[in-house]
Structures are given as structure tokens and as C-alpha cells.
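# Survey of secondary and tertiary structure
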Amino acid sequence: MRVLVVEDARALADVLVEGLRDQGMAVDVAYDGLEAAAKLDAGAYDAIVLDRDLPGIHGDTLCRMVTDRDERPMVLMLTAADTPADRVGGLSLGADDYLVKPFHFPELVLRLRALARRRPYARARTLRAAGIELDPVHRTATRDGRRLDLSVKEFEVLTALLRASPASLSAEALLEQVWDENADPFTNTVTVTIGRLRRKLGSPPVITTTPTVGYRITDPADEAPPREAEPA
């Protein structure tokens with residue numbers, strides 16, 4: 001999941017970014033409404049954690065700008081105002097959920113994951129290919145019934161590959177989807193993570209590398225040569 005945190009209180013914003021990244025999300029941050037608007041124009045996000053009282057462009061205005069888009073991210077609005085009128089006002093702007101400060105971080109994570117499932121074009125809950133079954137909601141993955149013990153990034157890379165299957169994803173696309181805007185495009189992080197993931201998936205291998213194209217999930221059964229017919 002790709003998330004944009006928009007919060008002018010830098011200490012809180014940085015804590016949210018670090019915590020959400022620990023949950024396996026690709027997270028960018030904006031400290032005011034103008035910076036947020038620029039990042040929304042430059043990249044695609046699944047969800048936005050949006051502070052309501054922002055400098056530059058107010059959170060209410062930014063929320064309206066987001067909800068006017070055809071393929072828009074889901075909006076979780078944050079605010080210190082907790083009266084029923086405030087909540088109704090925030091939701092009437094087009095926000096999809098509303099969380100009052102102070103809040104419990106685990107609740108924020110659960111609400112973000114719930115919003116991602118509610119997107120009109122959200123993918124199927126369980127992803128399947130090549131004997132792999134992955135549930136993004138419950139964060140479980142198996143291959144041929146065997147539970148896979150994956151790190152956060154390994155899980156997110158496998159999720160991205162399964163969602164793209166049978167197409168390929170380049171290393172650049174994986175960096176964008178699984179890491180964040182600060183990821184070094186010249187790093188070997190993707191290669192290293194793919195290598196660990198291959199080892200954990202076991203044999204026969206199911207992740208194929210095509211030079212200059214990228215990585216994709218392949219079913220060994222589909223790649224096997226046809227059996228010759230038995231002589232009469």
C-alpha cells in the first residue's frame with residue numbers, strides 16, 4: 001500500500017511515517033498543503049492520512065481537490081476537533097474516514113487497511129498464482145499449503161508480483177510500490193529482497209527474471225515441456 005502522510009506537526013508526521021513503514025507500507029510525507037498537492041500530482045497513492053488544519057492549502061480544500069479526481073486515493077482525515085459537528089463536516093468534504101487526535105497507532109493502521117479494501121477498484125482479497133496464496137488483509141502467505149515466514153518487505157514484494165501476474169514488474173516499479181520516494185534508484189535492495197524471497201519460496205522456482213524487463217511470477221507447471229505420447 002502506498003500512503004501519503006500530510007501533517008504539519010513534523011514530530012508527529014515523522015513518527016507516523018516510521019510506524020507505517022514498519023507495517024510494510026510505502027510512505028511519503030508532506031508537511032504542508034502545497035507540498036501535498038505537488039506530491040499528489042506526481043504520484044499515485046492508495047490512501048492519504050490528512051491533517052485538517054494545514055498551512056499553505058487547508059486540509060479541507062485539499063480533501064475536496066482529492067475527492068474530485070476520477071481515480072482518487074482514500075482519505076483518512078486527522079483532527080483535534082472531536083465534536084459531532086466537526087466529524088460530520090469532515091466527512092461531508094469527501095473524507096472516507098475521520099480519526100480524532102490523540103489516537104492509538106494500531107487503530108490508524110487498521111483503518112488504513114480497511115480503507116484500502118473499500119477502494120472501488122481494490123483487488124481480490126486473496127491473491128493466488130503458482131501454488132502461492134497470499135492474504136493482504138491478514139498478512140499471511142503459503143506455497144502449496146506451507147506457511148511462508150516473510151519479512152515485511154518480502155511480503156510486500158510478493159504482493160506486488162502477484163497483483164501484476166502474469167505481467168512483469170521492473171525493479172523501478174517495485175521500488176515505487178514497496179519502498180518510497182527516498183529509495184535510491186541505483187540500490188540493489190530489490191535484487192537482494194528478491195533473492196531472499198526466492199529462497200523462502202523454495203523449489204521449483206516461481207520468480208523469473210527477464211533482463212531489461214523485470215520480475216514475474218511463473219507457474220512451473222506451465223513452463224514444463226509437454227510429455228511425449230506413449231508409443232502405440
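For the structure itself, consult the block above.
So, here's what we can say about the structure.

Scoring rules and cut-offs
Residues numbered from 1 in each chain as written. Predicted model: local features only at pLDDT ≥ 70, side-chain atom pairs only at ≥ 80, totals over all residues. Heavy atoms only, no water. Helix = DSSP H or I, 4+ residues; strand = E, 2+ residues; numbered from the N terminus. Buried < 20%, exposed > 50% of the residue type's maximum accessible area, 1.4 Å probe, protein only. Contact = heavy atoms within 4.5 Å. Areas by Shrake-Rupley, 256 points an atom, 1.4 Å probe, with all protein chains shown as cover. Pairing = 2+ DSSP bridges. Salt bridge = Lys/Arg side-chain N within 4 Å of Asp/Glu carboxyl O. Core = buried A, V, L, I, M, F, W, Y, C linked by side-chain atoms within 4.5 Å. Arc of directions from axis to C-beta. Phe/Tyr/Trp six-rings, centres within 6.5 Å; stacked < 30°, edge-to-face > 60°. Lys NZ or Arg CZ within 6 Å of the ring centre and 35° of its normal. Axes fitted to C-alpha atoms, helices over the stretch in contact; angles between N-to-C directions. Parallel < 35°, antiparallel > 145°, perpendicular 65-115°, else oblique. Left-handed = near helix turned anticlockwise from the far one by under 90°. Nonpolar A, V, L, I, M, F, W, Y, C, P; charged D, E, K, R; others polar.

## Considerations on the overall build of the protein chain
Looking only at helices and strands, the protein chain has 9 helices and 11 strands in total. Counting the 232 residues in the protein chain, one finds 44% classified as buried. The long-range share in the protein chain, meaning contacts at least 24 apart out of those at least 6 apart in sequence, stands at 57%. Within the structure as shown, the protein chain displays about 12,300 Å² of accessible surface, and the carbon and sulfur contribution to it stands at 52%.

## With respect to the pairing of strand β2 (residues 26-30)
Regular strands show a simple pattern: their side chains alternate between the two faces of the sheet. Counting buried residues along β2, 5 of its 5 residues qualify, which places the element largely inside the surrounding structure. Where burial is concerned, the two faces of β2 agree: the one with Ala 26, Asp 28 and Ala 30 and the one with Val 27 and Val 29 are both buried. One ladder, built from 5 bridges, connects strand β1 (residues 2-6) with β2; its direction is parallel. Looking at the pairing, Arg 2 lines up with Ala 26 of β2.

## Section: the pattern of salt bridges
For the structure on display, the rule yields 13 salt bridges. Between Asp 28 and Arg 2 there is a salt bridge, and its shortest N-O distance comes to 2.9 Å. Residue Asp 28 is located in strand β2, and its partner Arg 2 is located in strand β1; the two are separated by 26 residues in the primary sequence. Accessibility classification places Asp 28 together with Arg 2 in one group, the buried group. Between Lys 101 and Asp 51 there is a salt bridge, with the nearest N and O atoms lying 3.0 Å from each other. In this pair, Lys 101 is assigned in the loop between β5 (97-100) and α5 (105-118) and Asp 51 in strand β3 (residues 47-51), connecting sequence segments 50 residues apart. Among the charged side chains, a network of salt bridges with common partners joins Glu 7, Asp 51 and Lys 101.

## Points about the nonpolar core
Grouped together as the largest cluster of nonpolar side chains are 28 residues, with contacts concentrated most on Leu 158, Leu 161, Leu 174 and Ile 207. Every element with two or more residues in this core is listed here: β6 (127-129), β7 (132-135), α6 (152-164), α7 (171-178), α8 (189-201) and β11 (214-217). With 6 residues, α6 is the single largest residue contributor to this core. When neighbours within four sequence positions are excluded, Ile 207 is seen to be in contact with Leu 161, Ile 194, Leu 197, Arg 198, Leu 201, Tyr 215, Arg 216 and Ile 217. Counting 23 residues, the second-largest nonpolar core is a separate cluster that includes Val 5, Leu 20, Met 25 and Phe 103.

## Observations concerning helix α3 (residues 59-67)
What α3 keeps buried is the set Gly 59, Asp 60, Leu 62, Cys 63 and Val 66. In a view along the axis of α3, the buried residues occupy a sector of 160°, so they form one face of it.

## A look at the packing of aromatic side chains
The final tally for this structure, using the stated rule, is 0 aromatic pairs. Taking NZ or CZ as reference, Arg 10 lies 3.9 Å from the ring centre of Tyr 31, over its face.

## What to know about the packing of α6 against α7
Viewed as axis vectors pointing N to C, α6 and α7 meet at an angle of 120°, and their least axial separation amounts to 10 Å. In terms of orientation, α6 and α7 fall into the oblique class. Classified by chirality, the crossing of α7 by α6 is right-handed. Listed contacts from α7 to Lys 153, Glu 156, Val 157, Ala 160 and Leu 161 of α6 are Leu 174, Gln 177 and Val 178. Partitioning the contact of α6 with α7 into residue classes produces 5 nonpolar, 1 polar and 2 charged.

## Examining helix α2 (residues 33-42)
At 3.6 residues per turn, the α-helix brings residues three or four places apart onto the same side. Every buried residue belonging to α2 is among Gly 33, Ala 36, Ala 37, Lys 39 and Leu 40, and all of these are buried. Angularly, the buried residues of α2 cover 165° about the axis, an arc narrow enough to put them on a single face. Exposed and facing more than 90 degrees away from the buried side of α2 are Leu 34, Asp 41 and Ala 42. Turning to α2, the residues buried within the fold contact β1, β2, β3 and α3.

## A short note on the sheet that holds β2
Spatially, the 5 strands line up as an open sheet ordered β2-β1-β3-β4-β5, and their pairing is parallel. Sheet topology places β2 and β5 at the edges, where each strand pairs with a single neighbour. Here the average twist between neighbouring strands, direction ignored, is 20°.

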